[in-house]
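Each chain, written out:
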Amino acid sequence: MLIPLPHHLLERSGHFTLTEHTALRLTPGSEPVARLLRETLAPATGLPLPAHADGQLALVLDPLLTGLGPEGYGLTVGAEAVLLRAATPAGLRNGVQTLRQALPPTALGDTPAPGVPWRLPLMEITDRPRFPWRGAMLDVARHFMPVAFLHRFVDLLALHKLNVFHLHLTDDQGWRMPVPRHPALTEVGAWRAESMVGRAGSRRYDGTPHGGAYTRAELTGLVEYAAERGVTVVPEIEMPGHTRAAIAAYPRLGNRPDRRLPVWPEWGVCDSVLGVHDAALDFCREVLDEVMDVFPARHVHIGGDECPTTEWAASDAALRRMRAEGLAGPAALRGWFLRQIANHLIDQGRTPVTWDEGDDEQLPPEVVTMAWRTGAHGAPAARSLARGHRVVLTPWERTYLDYPRSADPGEPLGQDGTVTVRDILAWDPVPVPLPEFGAGSGSVLGTQAQLWTEFAPTPADVEYLAFPRLAALAEVAWSPRRGTPGRNSRSFTARLAAHSARLDALGVNHRKPRRPPRRRADARLG
Ligand code: TNX
């Protein structure tokens, strides 16, 4: 009944019951994981789970257990004792999430549930993720989300054994991270006068100011909270496009320093982009220095998507830069710009990440690309791989949860199209190599869900978009490939029914599974 499906699972009849007498047997290094287990179970179960040398529930950290990889774990639930083993704390944490899911769903809630027998079914699990990058991106730029929700979201990621929380901190419509050297970024850039109603181009506005920014302490606190749960926060600062909020704060960063523009109240692709002058490059490096100070993650995302070149084509300064650098046309300035910034991150020992636009030949091979275009655009992933990049697969048709989950007119407004649970489950992130690009020498790091928030103004809206589709994505990212026994949509649907009770216990605003339609008599005969 677990999501994501473990790689090896053997269930037996019978159970082990956790009681107030159950103690934890710990080994050096497993104490923080014990704390996580206690903290997550205490509100509903009230179980103290003290440490004791003879504890029946053992959390064993054994670096010699190399077969499980850096994130795998082994779990044996016997009638008398439970043994959770891993080579790393990350592996133990994944095992803790399996324990939480194996308990009755009420164990996950935050209200005391006295009288429930806290039973674990007897079982034997050996489990490790298929991909090292399993994540979700949350866009807090289009709509600001309170930091308490970011914590809750981290908990939900961890429950699904997702380990990357990609935080989209800046965009045309808002800048959410303070940078002490550039205070107007949040003083001005975090606020917009109003927001577009409906899809891009509607020309209708709500007349309601919106905004917000985090403090440095909140972001640092989030990073720590996430780390304790095995989740890495990967920050994203968009450039050179999707930067209207920054240009509204500091017009000199754009291509027309004389022009004051408001933070963008619209949806869609904005024409305002950073200039390609030294002041804009210096600004980006300074911002990223602060980002690196706050976010210890190896990966730092620098955006790079949807960068119109109209302003560069009309700017003498940009055209001079283009010629000086020997670039073929204004379009090549995007790759040039990203390369300067990517190299700055690489110099500091970080790994840059960009959205793949299919014209990334200027990017150093260290850059990780997120391949979001599909169909006729599907080539970027294959091309990036062929060029030796590591790639996170983020095709919009499978991973963009801002598209409605079905064509049901009762679903909330989203982008034009659908991304169904089935679309996600039926997909394999490793692309079939395209002959024109060869097999490629790069590698697929994994995949992540995208929660763009143009049409999701509140945490409840985000949860509704995320669940249960994020559970399906977790299955794709963690579990063995489709077709392996147990890894099919019928099994997922059955497990989702149990999982739905867990989401209920957690108070998640999710789309409940529909009851299967009653079979008609003639269908049964057929
Ligand atoms: C494209 S994909 C965008 C976002 C939008 C999203 C809406 C990508 C990197 N950029 O700016 O929010 O589509 O689905």
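Residues numbered from 1 in each chain as written. Predicted model: local features only at pLDDT ≥ 70, side-chain atom pairs only at ≥ 80, totals over all residues. Heavy atoms only, no water.

Asks: Help me out: how do you make sense of the packing of helix α3 (residues 147–159) against helix α14 (residues 459–466) in this one?
Replies: A pair of packed helices is captured by two measures, namely the crossing angle of their axes and the spacing between those axes. Their axes nearest at 11 Å, the elements α3 and α14 cross at an angle of 15 degrees. Between α3 and α14, the angle falls in the class roughly parallel. α14 is crossed by α3, and the crossing has right-handed handedness. Facing α3, whose interface residues are F149, R152 and L156, α14 presents P459, V462 and E463. Looking at the contact of α3 with α14 residue by residue, the class counts come to four nonpolar, no polar and two charged. (Axes fitted to C-alpha atoms, helices over the stretch in contact; angles between N-to-C directions. Helix = DSSP H or I, 4+ residues; strand = E, 2+ residues; numbered from the N terminus. Parallel < 35°, antiparallel > 145°, perpendicular 65-115°, else oblique. Left-handed = near helix turned anticlockwise from the far one by under 90°. Contact = heavy atoms within 4.5 Å. Nonpolar A, V, L, I, M, F, W, Y, C, P; charged D, E, K, R; others polar.)

Asks: Where do I start with the packing of helix α5 (residues 216–228) against helix α7 (residues 278–294) in this structure?
Replies: The interhelical angle for the contact between α5 and α7, taken along N-to-C directions, is 50 degrees, at an axis separation of 10 Å. Taken as axis vectors, α5 and α7 run oblique relative to one another. Counting all contacts with α5, which are made through R216, L219, T220 and V223, the residues of α7 involved are E290, D293 and V294. Tallied by class, the residues present in the contact of α5 with α7 amount to three nonpolar, one polar and three charged.

Asks: Would you take a moment to explain the domain arrangement of the protein chain for this structure?
Replies: When its domains are assigned, the protein chain resolves into domain 1 (8–127) and domain 2 (133–484). Distance between the C-alpha centres of domain 1 and domain 2: 36 Å. Listed per partner, the contact involves 12 residues of domain 1 and 10 residues of domain 2. Buried surface at the junction of domain 1 and domain 2, summed over both partners, amounts to about 960 Å²; 45% is from carbon and sulfur atoms. By the criterion of area lost to domain 2, the three top residues of domain 1 are E71, R93 and Q97, representing 41% of everything that side buries. Taken together, the connections running from domain 1 to domain 2 amount to two salt bridges. Summed over the shared surface of domain 1 and domain 2, the number is seven residue pairs in polar contact (both at pLDDT 80 or more). Listing elements by their share of the side of domain 1 that touches domain 2, those giving two or more residues are α1 (31–45) and α2 (89–102). Looking at the side of domain 1 that touches domain 2, the element that brings in the most residues is α2, giving six residues. In terms of residue class, the side of domain 1 that touches domain 2 is made up of three nonpolar, four polar and five charged. (Domains from an automatic or database assignment. Buried area = accessible area lost by both parts, 1.4 Å probe. Salt bridge = Lys/Arg side-chain N within 4 Å of Asp/Glu carboxyl O. Polar contact = N/O pair within 3.5 Å; in protein donor to acceptor, adjacent residues only side chain to side chain.)

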